[in-house]
Amino acid sequence: MKNTFYSNGKLFIAGEYLVLDGADAFALPTKFGQDLVIEDSENKQIEWKSYDYDKHLWFEETISFDEVVKGTDSHIDTVKSTLVNILHEAYILNPKFIDNANGYKVSTHLSFPKNWGLGTSSTLINNIAQWTEINAFTLLKNSFGGSGYDIACAQNNTPILYRIKDNFVKQVEFNPDFTQHLYFVYLNKKQNSKSAIFSYNNHKGNHLAANVAENNKITNEILHAKTLKEFASAIQKHEIHLSKVLEMQTIKEAVFPDFNGVIKSLGAWGGDFILVVSKENPKEYFFNKGYETILTYDEMIL
């Protein structure tokens, strides 16, 4: 018997970092995602294969049921140890998928390059949670950590507003008539969200309640912008506000100061994708600077 599970990728539009302290987060699920295919096998082991978007096998390992039950040393940081840790936490939450099985053949298939930062980990965690019939937010908290907004995107096919308290998820309307002026540009480097969060925690300072309130106000403006001008203004306001919180330059100041338009970091600052708001098609500008992965809103967003 073969079972297939699927989860959406994600892009964090507003509320990054401050979401960890209760702020509203606005995020969009992507047309790209990851599936997990489960087949029964033997020998009390899991034969695991992970494929990138181009069908290239990037990870292959055999994991014994004993390893899943016992877990792994938390100080070891390899692809295998991370996977064993997720499966171990799933086992703690629901042992039946191991205790009542003879073995598995498992394969995962990304529909986006894994270095894009669209949720290789979150889609995997949500798929494993579906397979093992447990709560994905709990599995994330017990294994990887993070706010959980990416799990909310994995599970929803519409734009979402998310709050970390009780993993509150609200499906929201976001279908403005200016999406043809919105682009996503990949910055050619994968950002480590764990180190980014560590840096945020060192900078968030004493004005947290005021910063969360300001974030929520701006996020609401972004979500309800009626015109491209209103949207661009709110996006710019968000960047300036978070720049002060993080004590960091905005990506536009640091890398694209001569660009005629508005640019916003998405998620962890300094890597992965940026959102570009531009009246003119900006592909030539970014191509000339060495950034060749540019997707329109319609190409990227579900």
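Provided above is the structure to which this section pertains.
So, how was this worked out
- Counting starts from 1 at the beginning of each chain's written sequence and moves along it residue by residue.
- With pLDDT at 70 or above as the cut-off, local features in this predicted model cover only qualifying residues; side-chain atom pairs require 80 or more to be listed or tallied, and sums for whole chains, interfaces and linings still use all residues.
- The basis for every side-chain value is the complete set of heavy atoms in the structure, and neither hydrogens nor water enter the calculation.
- Whether a set of points on the 1 Å grid over the protein atoms alone is a cavity depends on a 1.4 Å probe fitting there but being unable to get out, while an open set qualifies as a pocket with protein on both sides within 12 Å along at least five of seven lines; lining residues are those with an atom within 4 Å of a point.
- Grid points are joined across faces, edges and corners, and a volume is the space filled by probe spheres set on the points.
- Numbering of helices and strands runs from the N terminus; a helix is a DSSP stretch of H or I covering at least four residues, while a strand is a stretch of E covering at least two.
- Take a side-chain nitrogen of Lys or Arg and a carboxyl oxygen of Asp or Glu: if they are within 4 Å of each other, that pair is a salt bridge.
- Think of it in three bands: with a 1.4 Å probe and only protein chains considered, a residue is buried below 20% of the maximum accessible area for its type, exposed above 50%, and partly exposed in between.
- Think of it this way: DSSP has to see at least two bridges between two strands before they count as a pair.
- Axis definition: a line fitted to C-alpha atoms, limited for helices to the stretch in contact. Angles are taken between N-to-C directions and run from 0 to 180 degrees.
- Here a residue-residue contact requires only that any non-hydrogen atoms of the pair lie within 4.5 Å.

Undergrad: Please give an account of the layout of surface pockets that cites residues and values.
TA: Taken as a whole, the second largest pocket holds about 280 Å³ of empty space. Broken down by element, the residue count for the lining of the second largest pocket peaks at 3 residues, all from helix α9 (residues 228-246).

Undergrad: Quick one: what's the story with the pattern of salt bridges, residue by residue and with numbers?
TA: All told, the structure shown has 10 salt bridges when counted by the stated rule. Across the pair Lys165 and Asp166 runs a salt bridge whose closest N-O atoms are separated by 3.5 Å. Taken as a pair, Lys165 and Asp166 share a single burial class, namely exposed. Of the charged contacts, one joins Glu221 and Lys217 as a salt bridge, the two residues approaching to 3.8 Å between their closest N and O atoms. Here Lys217 and Glu221 lie together in helix α8 (residues 208-223), a separation of 4 residues that amounts to about one turn.

Undergrad: I'd like to hear about the pairing of strand β9 (residues 262-265), residue by residue, with values.
TA: Residues of β9 alternate between two faces, with Val262 and Lys264 on one and Ile263 and Ser265 on the opposite face, all of them buried. Relative to strand β10 (residues 273-277), β9 is paired through 4 bridges, and the arrangement is antiparallel. Of the residues in β10, the one forming a bridge with Ile263 is Val276.

Undergrad: Requested: an account of the sheet that holds β10, with residues and values cited.
TA: Taken in spatial order, the 4 strands make up an open sheet running β9-β10-β8-β11, and their pairing is antiparallel. Strands at the two margins of the open sheet, each flanked by one partner only, are β9 and β11 (294-296). Put simply, the sheet's adjacent strands are angled 25° from each other on average, direction ignored. Packing against the sheet, α9 makes contact with β8 (182-186), β9 and β10, and its axis sits at approximately 45° to β9.

Undergrad: Can you explain unusual backbone geometry? Please cite residues and give values.
TA: Backbone geometry at Lys55 places phi at a positive 70°, although glycine is not the residue there. Relative to the elements of secondary structure, Lys55 occurs in the loop between β3 (45-51) and β4 (57-64).

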